[in-house]
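Topology and contacts: notes
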Amino acid sequence: MTPDPYQVFDRKQTADLLPFKPLVEALRQAVADYTAGRILSPERMVVPLNNKGVMLSMPAVAPDLAIHKLVNVVPDNRQLGLPTLHGQVAVFDAQNGVPLFVLDGPEVTGRRTAAVSMLGIIALLPEPPREILLIGSGTQSRYHLLAIAALYPACRVWVRGTSAARAQAFCDELRPLHGDLHPCVSDAIPDNVSVVITLTTSQRPVYNAAARAGLLIIGVGAFKPEMAEIGAVTLSGSDIYLDDPDGARHEAGDLIQANIDWRATFSLAQGLTAPPESTRPIVFKTVGTAAWDLAAGRVAKQRLGK
């Protein structure tokens, strides 16, 4: 029997298939599956493109589903008024290899990355946050705002950009998505903030305060060895949790540059099964893995009734 032609979903359709609450729960299951070896997700292949770009190939396979994420990242596209990220996530039946559907790659990446941060908050913070500070005013900050609005609608969100004007513009544009949104014009952390999320591609730390208990620092933006958002002062005084311990050794520039002791780090899976002591300062560093894209594929498959 010839399989039916599979569906290709654009960015908006992909967003509709991946609401944050079920995505976070699917990621919780994917973390357990990945840790137990029920999801296979080899190290991603990186192939150079023109204009300092790269093509990234990331497969993942589980007993129920297989995915292949293929995305191109071209930083110089900003100068052309084009998105820096293009690509797709192809989803397959793991039993027979039949293609099922294709999701928009940038939308999957944005949503599952923000959802991993939310899962980290659930696992590593003793109570729901009342206020969160986002450092960065780009695409990933937008996705994190959407995730916060879905999971913590009563939470106040502060935004610190590369300038006060950029932070203000971000808030003015996105306040309809989450009303309690404010620019943070001071270098100080607002008093009631319990989560700081760094969302930049900086090559030098944008956060390097002394570690303190009760303040969870989540590092998202630095995904190459030469990048570093969180400094050694913060890292040296914190317990460090990783979404993908193997990938972090190659990609978490913050931790690589700070020369942390990898043997002393913890996995997100450990945080979910044994919550950390509330007296310990914590940094949660995420680098991503195709296993998290597979979790998104599971959510979309369920919502499509396939």
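As named in an unreviewed UniProt entry, the protein chain is Ornithine cyclodeaminase/mu-crystallin, taken from Sodalis praecaptivus.

**A look at the sheet that holds strand 2 (residues 45-48)**
The pairing of strands in a sheet comes from backbone hydrogen bonds and takes either a parallel or an antiparallel form. Spatially, 1-6-5-4-3-2 is the arrangement adopted by the six strands of the open sheet, whose pairing is mixed. Single-partner strands in this sheet number two, and they are strand 1 (7-8) and strand 2. Strand direction decides the pairing type here: strand 3 (residues 54-61) and strand 4 (residues 65-73), joined by eight bridges, are antiparallel. Following the sheet pairing, Ser-57 is matched in strand 4 by Leu-70. Contacting strand 4, strand 5 (85-93) and strand 6 (99-104), helix 3 (residues 105-124) crosses the sheet at an angle of about 85° to strand 5.

**What about the side chain of Ser-238?**
Relative to the helices and strands, Ser-238 is located in the loop between helix 6 (232-236) and strand 12 (239-242). Accessibility expressed as a relative area gives 11% for Ser-238, which makes it buried. Among residues more than four places away in sequence, those in contact with Ser-238 are Ala-211, Pro-281, Ile-282 and Val-283.

**A look at the environment of Asp-239**
Its place among the elements puts Asp-239 in strand 12. With a relative accessible area of 16%, Asp-239 lands in the buried category. Note: C-alpha distance between Asp-239 and Val-193 (46 residues apart in sequence) is 19 Å. Residue contacts for Asp-239: discarding those within four places in its chain leaves Phe-266, Arg-280, Pro-281, Ile-282 and Val-283. Reaching out from Asp-239, the side chain makes a polar contact with the side chain of Arg-280 at a distance of 2.9 Å.

**Quick look at unusual backbone geometry**
Of note, the phi angle at Asn-51 is positive, near 55°, even though the residue is not glycine. Relative to the helices and strands, Asn-51 is located in the loop between strand 2 and strand 3. In this structure Asn-51 comes out as exposed when scored by relative accessible area, which is 54%.

**Some thoughts on helix 2 (residues 20-36)**
Since there are 3.6 residues in each turn of an α-helix, residues three or four apart along the chain are aligned in direction. Given a rise of 1.5 Å per residue, 17 residues ought to cover 24 Å, and the 24 Å separating the end C-alpha atoms of helix 2 matches this to within 8%. Every buried residue of helix 2 is accounted for by Phe-20, Leu-23, Val-24, Ala-26, Leu-27, Ala-30, Val-31, Asp-33 and Tyr-34. Residues of helix 2 that are buried in the fold lie against helix 3, helix 4 (139-151), helix 9 (268-273) and helix 10 (290-304). Positive backbone phi, at 85°, marks Gly-37, one or two positions downstream of helix 2.

**What to know about helix 5 (residues 164-174)**
Within helix 5, the full set of buried residues consists of Ala-167, Phe-170, Cys-171 and Leu-174. Around the axis of helix 5, the buried residues are gathered within 95° of arc, so they sit on the same side. Among the exposed residues of helix 5, those oriented more than 90 degrees off its buried face are Ala-165 and Glu-173. Residues of helix 5 that are buried sit in contact with helix 4, strand 8 (156-160) and strand 9 (181-183).

**Here's the deal with the packing of aromatic side chains**
The geometry of an aromatic ring pair is captured by two quantities: the separation of the ring centres and the angle between the planes. On inspection of all chains with the given rule, the structure shows three aromatic pairs. A ring pair is formed by Phe-9 and Phe-101, whose centres lie 6.2 Å apart and whose planes are at 70°; its orientation type is edge-to-face. You can see Phe-9 sitting in the loop between strand 1 and helix 1 (11-17) and its partner Phe-101 sitting in strand 6, a full 92 residues away along the chain. Seen from their ring centres, Tyr-34 and Trp-292 are 5.6 Å apart, and the 80° between their planes marks the pair as edge-to-face. Note that Tyr-34 is positioned in helix 2 and Trp-292 in helix 10, a separation of 258 residues in sequence.

Criteria and cut-off values
- Residues numbered from 1 in each chain as written.
- Predicted model: local features only at pLDDT ≥ 70, side-chain atom pairs only at ≥ 80, totals over all residues.
- Heavy atoms only, no water.
- Pairing = 2+ DSSP bridges.
- Helix = DSSP H or I, 4+ residues; strand = E, 2+ residues; numbered from the N terminus.
- Contact = heavy atoms within 4.5 Å.
- Axes fitted to C-alpha atoms, helices over the stretch in contact; angles between N-to-C directions.
- Buried < 20%, exposed > 50% of the residue type's maximum accessible area, 1.4 Å probe, protein only.
- Polar contact = N/O pair within 3.5 Å; in protein donor to acceptor, adjacent residues only side chain to side chain.
- Expected span 1.5 Å × (residues − 1).
- Arc of directions from axis to C-beta.
- Phe/Tyr/Trp six-rings, centres within 6.5 Å; stacked < 30°, edge-to-face > 60°.

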